[in-house]
Amino acid sequence: MMSTNKPLKGKIAVVAGATRGAGRGIAVSLGEAGATVYCTGRSIAGSPSDLNRSETVQETAQLVTEAGGNGIAVRVDHTNEADVAALFEQIKREQNGQLDVLVNNVWGGEKLVDWDARFWKHSLANGLLIQERAVKAHLITSYYGAPLMLEQGSGLVVEITDGIDYRYRGNLFYSLAKISSIHLAEAMAAELKPHGVSAVAVTPGFLRSEEMLEHYGVAETNWQDAVGSGKPNAEHFGQSETPRFIGRGIAALAADPDYAAKSGAVLASWDLSDLYGIMDIDGRYPHWGRYAKERGFL
């Protein structure tokens with residue numbers, strides 16, 4: 001449903017890695033708040049990425065527009081410096097250099113992590129590719145995107161991660177990538193602060209992405225049927241959240257005139273929900289942080 005409240009109307013955003021999952025949810029939510037959103041990623045109609053999934057950045061851009069914003073799809077491989085440089089040159093031309101929100105959500109590691117292998121047994125090539133996609137791509141994107149914000153003296157960079165701290169996440173290569181996003185936000189915040197630009201890291205809880213729904217053999221309309229399926233972690237699936245939950249939280253943060261006060265922080269979807277009264281699109285207020293603490297694994 002199209003929102004009548006457009007606090008980001010007139011704002012320009014980039015969501016890097018907007019094809020599916022959290023990236024799509026964030027892009028659509030920024031559009032719901034009225035923003036023009038450049039939706040970038042490798043998967044376009046007729047040419048999927050190596051993940052070989054059906055979602056495309058064109059679909060995401062259409063959803064952004066349907067939500068009330070202006071979605072613009074651009075095919076970008078964020079590990080390719082020339083692609084990224086061309087993206088921000090396009091924004092300079094089309095938006096007179098304006099850039100208000102940059103979301104680094106590139107991941108692409110779903111098929112690369114071997115959860116059963118310790119690092120010395122893990123595919124080194126896959127482990128390094130995870131870093132290229134989830135760390136190098138973020139660095140390249142911020143390198144070319146931040147100067148637009150510096151020129152205008154304002155802006156918000158958002159690093160999407162998994163988790164709220166530096167603890168081990170079950171696999172060295174995965175941990176390194178997700179912890180790196182947190183430190184990228186912290187370090188960028190320090191260097192951007194004198195120029196009026198902010199950076200934060202944001203994590204979802206148990207994300208009910210397209211891939212996770214497929215894993216449990218359910219759709220968004222009947223997702224709770226998976227809870228008693230007996231599949232790994234299914235007992236926790238009842239506390240899951242849609243990708244729009246973190247998206248709505250980030251949109252609210254970007255619309256907060258005092259977002260600079262949070263620069264350098266690690267924020268969770270449930271923190272943003274508590275702070276801004278964010279409700280998920282299914283009418284729930286999921287709180288993975290509270291649930292995980294009650295069960296002793298956060």
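Please read all numbers here as calculations on a predicted model, not as lab measurements. (Residues numbered from 1 in each chain as written. Predicted model: local features only at pLDDT ≥ 70, side-chain atom pairs only at ≥ 80, totals over all residues. Heavy atoms only, no water.)

(A) Molecular detail of the overall build of the protein chain. For the protein chain, the helix and strand inventory stands at nine helices and seven strands. In summary, the protein chain has a C-alpha radius of gyration of 18 Å against a globular reference of 19 Å for 298 residues, a match within 12%. Based on the C-alpha atoms only, the size of the protein chain along its principal axes is roughly 55 × 45 × 40 Å. Burial statistics for the protein chain: of 298 residues in total, 54% are counted as buried. Of the contacts formed within the protein chain by residues at least 6 apart in sequence, a portion of 70% connects residues at least 24 apart. Approximately 13,200 Å² of the protein chain is accessible, and the part contributed by carbon and sulfur atoms is 53%. Charged side chains of the protein chain number 28 positive and 35 negative; the gap between the two group centres comes to 1 Å. (Helix = DSSP H or I, 4+ residues; strand = E, 2+ residues; numbered from the N terminus. Rg over C-alpha atoms; globule rule 2.2 N^0.38 Å. Buried < 20%, exposed > 50% of the residue type's maximum accessible area, 1.4 Å probe, protein only. Contact = heavy atoms within 4.5 Å. Areas by Shrake-Rupley, 256 points an atom, 1.4 Å probe, with all protein chains shown as cover. Lys, Arg positive; Asp, Glu negative; His and termini not counted. Charge placed at Lys NZ, Arg CZ, Asp CG, Glu CD.)

(B) The layout of surface pockets, seen in detail. The calculated volume of the second largest pocket comes to roughly 300 Å³. Together, twelve residues line the second largest pocket, and Asn-5, Glu-32, Arg-248, Ala-252 and Ile-278 are the ones closest to its centre. Those elements giving two or more residues to the lining of the second largest pocket turn out to be α1 (21-32) and α7 (243-255). The dominant element in the lining of the second largest pocket, judged by the number of residues it contributes, is α7, at four residues. Residues that form the lining of the second largest pocket fall into these classes: seven nonpolar, three polar and two charged. (1 Å grid on protein atoms, 1.4 Å probe; cavity = no way out; pocket = protein on both sides within 12 Å on 5 of 7 lines; lining within 4 Å. Points joined across faces, edges and corners; volume = space filled by probe spheres on them. Nonpolar A, V, L, I, M, F, W, Y, C, P; charged D, E, K, R; others polar.)

(C) Summary view of the nonpolar core. Core analysis: the biggest nonpolar cluster contains 32 residues, and Ile-26, Leu-30, Val-37 and Val-202 have the highest contact counts within it. Elements with a contribution of two residues or more to this core: β1 (12-16), α1, β2 (36-41), α2 (57-67), β4 (101-104), β5 (155-160), β6 (197-203) and α7. Once residues lying within four places of it in the same chain are set aside, the contact partners of Leu-30 are Leu-8, Ala-13, Val-15, Ala-35, Val-37 and Ala-251. Ranked by size, the runner-up nonpolar core spans 23 residues in total, among them Val-84, Ile-140, Leu-192 and Val-197. (Core = buried A, V, L, I, M, F, W, Y, C linked by side-chain atoms within 4.5 Å.)

(D) Spatial organisation of a nonpolar patch on the surface. A contiguous nonpolar patch, built from Phe-119, Trp-120, Leu-172 and Leu-176 and spanning about 440 Å² of accessible area, is present on the exposed surface. By the element assignment, Phe-119 lies in the loop between β4 and α4 (124-152). (Patch = residues over 30% accessible without salt bridge, like charges linked within 9 Å, V, L, I, M, F, W, Y side chains within 5 Å. Salt bridge = Lys/Arg side-chain N within 4 Å of Asp/Glu carboxyl O.)

(E) Summary view of the confidence of the model for the protein chain. With 99% of its residues at a pLDDT of 70 or more, the protein chain has an overall mean of 96. The spread of mean pLDDT over the elements of the protein chain runs between helix α6 (residues 210-216), the lowest at 93, and β4, the highest at 99. (pLDDT = per-residue confidence, 0-100.)

(F) Geometry of the sheet that holds β6. The sheet built from seven strands is open, its strands ordered β3-β2-β1-β4-β5-β6-β7 with parallel pairing. Two strands bound the open sheet, and with one partner strand each, they are β3 (70-75) and β7 (266-268). Taken over all neighbouring pairs, the strand axes of this sheet differ in orientation by 20 degrees on average, direction set aside. Relative to β3, β2 runs parallel, the two sharing six bridges. The residue of β3 that forms the bridge with Val-37 is Gly-71. Each of β1, β2, β4 and β5 is contacted by α1, which is oriented at about 170 degrees to β1, the strand it contacts most. (Pairing = 2+ DSSP bridges. Axes fitted to C-alpha atoms, helices over the stretch in contact; angles between N-to-C directions.)

(G) Quick look at the pairing of β6. The buried fraction of β6 is high, at seven of seven residues. Alternating positions in β6 separate into two faces, Val-197, Ala-199, Ala-201 and Thr-203 on one and Ser-198, Val-200 and Val-202 on the other, with burial throughout. For the crossover that starts at β5, traverses helix α5 (residues 172-192) and ends in the parallel β6, the hand is right-handed. Judged from the three bridges that link them, β6 and β7 form a sheet pairing that is parallel. Bridge pairing in β7 places Thr-203 opposite Ala-268. (Right-handed = clockwise from strand over helix to strand, strands pointing away.)

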